[in-house]
Amino acid sequence: MGSLRPLAALTQLQDLALTGLKAGLHTADFAWLSVHMPGTHCVKFQPTYRSHQQPCRRCGQASRVELVERESPGYCTHCDAAKLAALTQVFDQAQQAARDELARQGGLPVT
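Scoring rules and cut-offs
- Residues numbered from 1 in each chain as written.
- Predicted model: local features only at pLDDT ≥ 70, side-chain atom pairs only at ≥ 80, totals over all residues.
- Heavy atoms only, no water.
- Pairing = 2+ DSSP bridges.
- Helix = DSSP H or I, 4+ residues; strand = E, 2+ residues; numbered from the N terminus.
- Buried < 20%, exposed > 50% of the residue type's maximum accessible area, 1.4 Å probe, protein only.
- Contact = heavy atoms within 4.5 Å.
- Core = buried A, V, L, I, M, F, W, Y, C linked by side-chain atoms within 4.5 Å.
- Salt bridge = Lys/Arg side-chain N within 4 Å of Asp/Glu carboxyl O.
- Expected span 1.5 Å × (residues − 1).

## Considering the sheet that holds strand β2 (residues 64–67)
Consideration 1: Spatial ordering of the open sheet is given by β1-β2-β3, a layout of 3 strands whose pairing is antiparallel. In the strand order of this sheet, the two ends are held by β1 (48–49) and β3 (75–76), each with one partner.
Consideration 2: Sheet analysis places β2 next to β3, joined by 2 bridges and oriented antiparallel. The partner of Arg64 across the bridge, within β3, is Cys76.

Rendered as structure tokens:
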């Protein structure tokens with residue numbers, strides 16, 4: 001199983017592209033890294049990101065997103081709203097756990 005934690009040493013990095021890193025990584029890994037690298041922009045430092053340009057097959061809206069953890073054909077923010085809300089909550093809880101861990105260790109990283 002891989003880990004993104006060594007990347008936290010790069011806290012001064014402004015942009016990070018984590019393409020092709022889904023295999024073996026979990027939502028908690030991306031959430032943890034987002035807390036430890038608050039000054040870094042990365043589309044995977046949030047629970048979902050836009051990657052699909054094709055419209056949803058069910059509703060026709062161009063509102064498809066992918067999850068940071070899963071290989072998928074994408075989820076529609078309209079048709080899959082309930083599922084996405086639950087999955088977003090998992091990411092948010094993992095971020096909070098990372099914040100709590102960081103606070104126990106003595107504080108937030110420098111941005």
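## A word on helix α1 (residues 27–36)
Consideration 1: The element α1 is extensively covered by neighbouring structure, given that 9 of its 10 residues are classed as buried.
Consideration 2: When α1 is considered as a whole, its buried residues turn out to be Thr27, Asp29, Phe30, Ala31, Trp32, Leu33, Ser34, Val35 and His36.
Consideration 3: In this structure, the buried residues of α1 make contact with α2 (81–104).

## Some remarks on the nonpolar core
Consideration 1: Counting residues in each nonpolar core, the largest one holds 8 residues, listed as Trp32, Leu33, Val35, Met37, Cys42, Phe45, Ala98 and Leu102.
Consideration 2: Among the elements that make up this core, the one with the highest residue count is α1 (3 residues).
Consideration 3: Formed by 7 residues, the second largest nonpolar core is a distinct cluster that contains Phe30, Tyr49, Val68 and Ala94.

## As for the pattern of salt bridges
Consideration 1: Using the criterion set out here, one finds 1 salt bridge in the structure.
Consideration 2: In this structure, the salt-bridge partner of Arg58 is Asp80, at a minimum N-O distance of 2.9 Å. Here Arg58 is found in the loop between β1 and β2, whereas its partner Asp80 is found in the loop between β3 and α2, with 22 residues between them in sequence.

## Points about α2
Consideration 1: Look at α2: 34 Å from first C-alpha to last across 24 residues, which is about the 34 Å you get at 1.5 Å a residue.
Consideration 2: Listed in full, the buried residues belonging to α2 are Leu84, Leu87, Phe91, Ala94, Gln95, Ala98, Glu101 and Leu102.
Consideration 3: For α2, the secondary structure elements touched by its buried residues are α1, β1, β2 and β3.
Consideration 4: Remark: Gly106 follows α2 within two positions and exhibits a positive phi of approximately 120°.

## Remarks on the pairing of β2
Consideration 1: Here β2 shows a buried face lined by Arg64 and Glu66 and a second buried face lined by Val65 and Leu67.
Consideration 2: Two elements, β1 and β2, share 2 bridges in a ladder whose sense is antiparallel. The residue of β2 that forms the bridge with Thr48 is Leu67.

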